[in-house]
Every structure is written in structure tokens, then in C-alpha cells.
Amino acid sequence: MIFSHKHQIGFRVFTILFIILSAILASSLGFALAININNKNIENFIIEKPSLPSTILDRNGEIISELVGEEQRTLLEFNDLPKYQIFALLAREDNPFFQHSGFSIRGFSRAVMSLLVNWNLDGGGGSTLTQQLAKIRLDNIYDRTIFTKLEELWETWQIERQYSKQEIMQMYLNKVNFGHGAYGIEAVSNYFFEHSAKTNSPAESVMAVIQVARPTLYSPDRNPSGARKVQKHVLDEMVATGYLKKDVAEQSFATYWLQHDWSRDSSENVHNARNRNDKAPWFTEYVREELKNLLYGTQDVYKDGYTIHTSLDLNYQESADKYLLTQLEDARKNYKTLSSKKTELVYNQFSPIISMMGLVTNNKYIKVEEKALKKKESEYFQKTVAPEVRILSLLTGITSLNTFSQSALALDASANENPIETALITVDNKNGQILALIGGSKFEYTNQNNRALNAEVSAGSSFKPLFMSAGISENKLTAGTHFIDQPKTFVTDGAEPYIPNNYAGAWHGDVLLRYAVNKSLNIPAIEALQIIGFDSAIERSAKLLGITDPSEIRRKFDRKFPMALGVTTVSPKQMARAFATFANNGRANDPYGIRFIENQNGAIIVHVEDEMLQKSYRPEYDIMSPQDAYIMTNILETTLAPGGTLNYGYRNTINKFNGMAMAGKTGTSDNWKDAWAVGYSPYYTTSIWFGFDKGSNSLGQSNNGAVLAGIVWAKYMEEIHEDLPVKDFYRPKDIIERTICTVSGDLATQKCPTTRREVYKVGTEPTTFCDYHTFVEEAREDTINKILNLIAIELSPDENIIDIEAMIFPLEDESTNTNEEEQILEIWD
């Protein structure tokens, strides 16, 4: 087809018009699409889920602490804010905010002049609140170029077009960075003033908003003088604009600085200040670690605002802090005093000898200067006295001099470098929930090892009930099993002979298991281990402690006799689990602290409580029968009776537990390195430890488990049980009682001087009568007759023989420490 010239021109015009119209249409569509996308971006910005801290609650709903990420933010509604907070923000940042449409003509002109002169906006942007909000949206607060300014104006127009002024101000106050790691007005108010922004005074409102521009320069903690000056200026502005009356401004200003905490750490921020308000920092850190295993994927405990419901009881925690940390402070003071006394003893005993040696040998280096010692005792002792004692030791050949000096030196150094530490954990017997937790002395950056959960320290005698319970379960032991507590050597294949001793070197002769546990006697404990056997003893102990890994069992439990005395290393949590099993009728529960977790909408996303309940019904948690558990509990109740290892603590309580049943055991490891008290009621079990993190330092002979840990355990347990109904331990069926001789453990006769009612599982009770005292009585009569014959005294059988008998054989009670057979043999000799 051939087109004419006119047709060709018309086609070209049509084509050009079509292209122009298409371009206009495409641009319009693109513009509309950009507006739509931008609107959605702004909507997402406004409604996006903010970074909210997660809140940790105790079992009564009280706030323990918050888990804060980089942005600590809590949202408030516009109507929740005091009017002074709004007025302070307007006076400081954007007074005509409610009149302009998002732009300040004056500020924008200043920005244009800066642009013309410098081709950047460093001269000041004159930003309104809406523009600042746009900058936060674009994340270009510090990028000042013509292009970012134009982008910011576009965003500002979009925000003003879609939202009211109240909504814009609410978004601003909830999103802006106030410095110190605090995002939003609520966060900065809680940080500086320790209360909600809802109750901010005029002066507090101003102090909060002046942090927006220069938080470092105007911080009341870091630069109180500068902050005070700017705060006064803004308050004056508020008075001038009619936002505030002059007398109210002056009164608020004066009150603020009168109540200001001048001792606050100027380097603090929201994150490291959490410990200042944390009511249970050791427990909070435990929860933080546990959450790593409970939350997955995109779940962020620092941003998603979870509510973490825990088992902790802040009232119990407060009691634990009061008693344990006070005792720790006293123990540290006493330890330092002991250190000073040993240092002084070395000086007083050896300085004259050292000085004389210096004179005799004409050696100017061997001398002790008293003035120098008093001037800087510790340092001088370390650098001068100790080396000179060593020289004296070498010259005289008396090695004990050097040994004593070095021990005093080590004690002096350890008092500062390796101080006494402590730990406490309380669990609910019926479910294992942690009610109180202290992992050591003050929780801080350099002290975060939670000893209550992670320590590996020797259990001492508190370990004995664990393996002894195996003997009860296997019917190899009863509370009335007879032992002879006397010096004895134990030998195992391929090992050196083991010769244990008792506390203070005292021996008790004929004893029963109950008495041996009560007095924490070592020979009966080792003999009990022999009766039970290592296999059963280790298996039972591992189950009670919750140790299931075979390699860990092999590592922890050395198949040697010292195991009976508690050389096995454990944590307070493991010991609490073990003793709580006795209290819970033989069924174990793993200690845990998080019950369940809710999201921001109140929906439960993790329910640990249910999982742990189901777990506790597994067969492996059924460790012993209720009858076995009751026998162990009944034995351990004796430790609170007179002469028992927990009796010292019991005597120091005010109301003697108000009649509440209690049982437990103390423990002191070799060389008094560790001191324990582990005990329980029908409700709760508490495990307490004192000792050292490293080395083989000694707490001192006076700081055993009964004295150091037992008294804290007793006072604390009495206080947390004050409001609980008095209960006794559950007594299951198939438990019977028999009256036995406290010496032989057999059924008592009229000839037995001391007896007691003892509990047994049916089938394990004694069936033979005691003949021990029949032998004693016959030996007694023969002895008296021989003595009478020797002294040739004629007495009638009924006249004075009883008096003579009483002189030779004074009647002994249950607490006697002498073996009666040995006494008879001595008389015979």
C-alpha cells in the first residue's frame, strides 16, 4: 500500500502523540504507584511492631527485671502524657507544631542559605517534629545533602497528609532516641527518674526532652551543670509562652535538683543500669540463658516484648539476700582477721630470732624492722618477713618454719584475691520450681559465675545421705543398723591404706546409723559404703543428683573409700534436687525457673510448667519408694535435735520453725574448704554453700557447715515458712515402729539402759532381743565381787552394793562416747 505525503505526516503526528500520552500515562501510573508504595511504607513505619523489652515476673506477678536490647522502648498513648511533657517538647523543639503543615519556613530558609553557601546542610536543618520523624523513618539523621533533604520533605508531606498532629507527636515521643540507650519517653523517664512518664513533673519533662539533641552534653549524670543550665532556659521559655506559671516552674526546678541522685554512675546507660533496679540479678541472668533454648528463629526476647512468668518468689528472694549476704560479709571479715593474726604471729614469734641471727652472722639483710611492718604490714610481710623466715629455715634446718610462714602468706593473699563466695537455691519439693536463687556475692560484670547452678565443689558430709539411701532401699541398712565408731584402716586393692578421722578426733564407740548420721561420723559412713557396695552407692547418688551421662558419672565418682566422706564435686542445685527427692516421697524433679511465656497479645507460646510436669512422671524420676524416702527423712530430722549438726542453727531461730517439720544435713569438706547446709520442710528444700572458687584455701576450723551455713539455713527457712500451715512429713503405709536398744539396735529389754522408738519398713525391723546388756550385767557383778574380795569388805547383797556399783559403772545415756565393753575390759585388767 502506498501512503500519500499527508497520510505519512498524520501517521507521524499520531505516533508522537501516542508516545507522549504513553509516557504521561506511565509517569502518572509510576507516580501513583510510588505514592501507594510510600504510603504503605509509612503505614508500616507507624504500625510496625516496636522494639519492646521482655518483662520477667515472679510467681505473684511482681516485676523482677526487664530484658533490654539496643533499644529500650515502652509505648504510651498521647492522652497518657502530662500536659507539661507536651509543652516541654514544643518549647524545646517545635513551638509552632500545631500551626504548620510539617515545614518551618524560617528553618527551611536557613537550610537553603546553608545549601547555597556550602552545598550541604551543616548550617542547621531547621527540622520540625514531623521532619525529625521522617528522618527516623528514612534513617538518614546524620546524612545532610540536598538529595536526602528532598526525600525528607516528601516523607514529611506524606506523614502530615495521613496522620493528625496528636498521632504524629505520639509517634515521635515513642520512637525518638533520648540517648543512654533509651528509646521513647517512657524508657528515658524510667531511666532518669525511676517512674513512668505519666507522672513527669515540669522539670522532669524538660530534662527528658533536652536529651534528644545532645544526650552526652546535657545528661544530668554526666554533665549536671550543663543540663541544669539548659533545663532552666527551657522552663523559662515555657513560662514566656504561657505554658507554665513562673512559681510552678521555679518550684519544680528546685525540687528536681534537691532530689537529684548525685552518686549515680556517669558511665551508666539503660543496659548496664538494669542491675541497679533488678531485684534478683542472679535469677535474671539464669532466665536469660534459659531463653536461648526456649525461643527460636525470629523470636527476639529483646524486641518482641514477651512476658516471662517465673517461679521465683521475691519475698523469699529478699529473705535469702538478707541472711546469706550478711553472713558472707561477716565470714569475709573474720577470714581477713584470721589472716592478720597469722601474719602477726609469724612476726611476733620469729622477728626476734631473725634479728638475732642477723647480729650473730653480721648479715645486714637478716633483720625485721617493726616500723616498716606497721607501716605496710601485708606488703612488708610478703616481701621481707616471709623470705627471711625462709632463710632462717634453711640455716636451722627447721622446715616447719618455712611451711608456717608460707601458709600465712597464702592466707593473707587469698583474703583479697580469692575471697569467700557463697550460693543458695530454694526449690519447691512437689515440682522443682526455683523460689530463690543467689549465685554468689554481688552480681556484676566481673562476677557472673552462678555457683548455685554451675559450681563443682566437694559436698562433704552432706553427701552421705545420698548413697546411704541405697542401703535403705536394698534393705541392707536401717536406722538401727549397728556400727562401732573407732579408729580403723581401710584397704582396697592397689591403693594405699586409708585411715580416716572424725571431727575433732572424737570416737563414739557403739552407735546406730541414726546417731552416726546425726553426728556425721566417718567410720560408720565408710562401713555403710562397704555394706552397700560401690555400684549401688554410685548409681543411687547419680540418680539423686540428676547425672545421667556415663562419662560424667565415671569422672565424678571415684570408686574409693573417701567417696563416703563427700569428695564428690556437686552444685547446690544438684544437692537441692537430691534432698527434695526425699521430701517428695522418692520422686525427683529437675529444678527450673521459667513457668511459661506470653507474647504481646497474651497468648502462651512456651509452657515449660506443663512439660516439666509430664517429664517428672517418667520412670527414671521414680528413684525410691515413699517408704524409703520416709525412713531417710525421719533419720535426717534427728540432725535438728540436741547434738545434731543442724541444731546450732535451730537454736538460733526465733520461733523454732513454729512447729513445722524440718530435716537436713550439714557438710564440711576436707580442710574446711567448703561448708554446706542442705535441708527441707514438707514444702521446700534449700541448699546453701560457702567456700572458694579456686585453690585449697581453708575457711578455718570454726567455719564448718553447721556454724557458717547451718545458721543461715535455719533463719531463712523459718522466715519463708512463717505464713504456711504447719505440716509434718507424709508417712506412707507399711511403716512400723519398734522399741530398740540405742547401743545394740536390737529389740530392747528391761536391762537396756537407754531405748528409743525406731521406724522401719515392714520386714526390716529387728526380731531378736538385745543380749548385749545381759553380758554387761554379768560382767559387772563378777567385777564387783572380785573388787570386794580384794578389799575384803563384808557387805550384804542389799546393803551398799548399789552405791559401789554406781561409782564403778555410772549410768550412761544415749549420748555417751565410751564403748562399755572396753570399759569393762579395762576394769578387768
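All residue numbers refer to positions counted from 1 along the written sequence of the respective chain. The model is predicted, so local features are restricted to residues of pLDDT at least 70 and side-chain atom pairs to those at 80 or more, both for listing and for counting; the totals for chains, interfaces and linings are taken over all residues. Side-chain metrics in this entry use all non-hydrogen atoms of the structure; hydrogen atoms and water are not considered.

### Points about the sheet that holds strand β10 (residues 594–598)
Adjacent strands of a sheet form backbone hydrogen bonds with each other and so pair up, either parallel or antiparallel. Taken in spatial order, the five strands line up as β2-β1-β3-β10-β11 in an open sheet, and their pairing is mixed. Either end of the sheet is taken by a strand with one partner, and the two such strands are β2 (63–67) and β11 (604–607). Taking the axes of each pair of neighbouring strands and ignoring which way they run, one obtains an average angle of 20 degrees across the sheet. Pairing between β10 and β11: three bridges, direction antiparallel. The partner of E598 across the bridge, within β11, is I604. What makes two strands pair is DSSP finding at least two bridges between them. Labels follow the DSSP assignment, with helices taken as runs of H or I lasting at least four residues and strands as runs of E lasting at least two, numbered in each case from the N terminus. Angles run from 0 to 180 degrees between N-to-C directions of axes, and those axes are lines fitted to C-alpha atoms, restricted for helices to the stretch in contact.

### Structural notes on helix α6 (residues 165–175)
Whether a residue is buried, partly exposed or exposed follows from its accessible area with a 1.4 Å probe, protein chains only, as a fraction of its type maximum: under 20%, in between, or over 50%, in that order. In terms of residue burial, α6 counts as a mostly covered element, since eight of its eleven residues are buried. Buried within α6 are the following residues: K165, I168, M169, M171, Y172, L173, N174 and K175.

### Notes on unusual backbone geometry
Phi is positive for K656, close to 50 degrees, though the residue is something other than glycine. Within the fold, K656 resides in the loop between α26 (647–651) and β12 (663–668). Judged by its relative accessible area of 31%, K656 is partly exposed. Unusually for a residue other than glycine, W672 sits at a positive phi of about 55 degrees.

### Quick word on the environment of E539
Looking at the secondary structure, you find E539 in helix α21 (residues 534–545). Counting along the chain gives 72 residues from E539 to F467, while the straight-line C-alpha distance between them is 8.4 Å.

### Side note on the side chain of S687
Mapping S687 onto the fold places it in strand β14 (residues 684–691). What makes S687 buried here is its relative accessible area of 0%. Residues count as neighbours in contact if any of their non-hydrogen atoms are within 4.5 Å of one another. If near-sequence neighbours (up to four positions away) are discounted, S687 is found in contact with A423, L424, I425, P572, M575, A576, W676, A677 and V678.

### Structural notes on the layout of surface pockets
Think of a 1 Å grid over the protein atoms and nothing else: a 1.4 Å probe that fits but is trapped marks a cavity, an open set flanked by protein within 12 Å on at least five of seven lines marks a pocket, and residues with an atom within 4 Å of a point count as lining. Grid points are joined across faces, edges and corners, and a volume is the space filled by probe spheres set on the points. Here the second largest pocket defines a volume of roughly 890 Å³. S461, N502, Y503, N522 and T668 are, among the 33 residues lining the second largest pocket, the residues nearest its centre. Elements with a minimum of two residues in the lining of the second largest pocket: β12 and α27 (705–720). Tallying contributions element by element places β12 first for the lining of the second largest pocket, with four residues.

### Things to note about the pairing of β12
Of all six residues making up β12, five are buried, and the element is well covered by its neighbours. Pairing of β12 with strand β13 (residues 675–680), which is carried by six bridges, proceeds in the antiparallel orientation. Directly across from G667, in β13, lies its bridge partner W676. If you look at the hairpin formed by β12 and β13, you'll find six residues sitting between the two strands, and N671 has a positive phi there, around 65 degrees.

### Quick look at the pattern of salt bridges
Each salt bridge in this description consists of a side-chain nitrogen of Lys or Arg and a carboxyl oxygen of Asp or Glu lying within 4 Å of one another. Per the counting criterion, the structure on display carries 25 salt bridges. Here R59 ties to D313 by a salt bridge, and the two come within 2.9 Å at their closest N and O atoms. Here R59 is found in the loop between β1 (54–57) and β2, whereas its partner D313 is found in the loop between β3 (307–310) and α13 (314–361), with 254 residues between them in sequence. For R59, a relative accessible area of 29% translates into the label partly exposed. Taken together, the shared-partner salt bridges connect R332, E421, R451 and D693 into one network.

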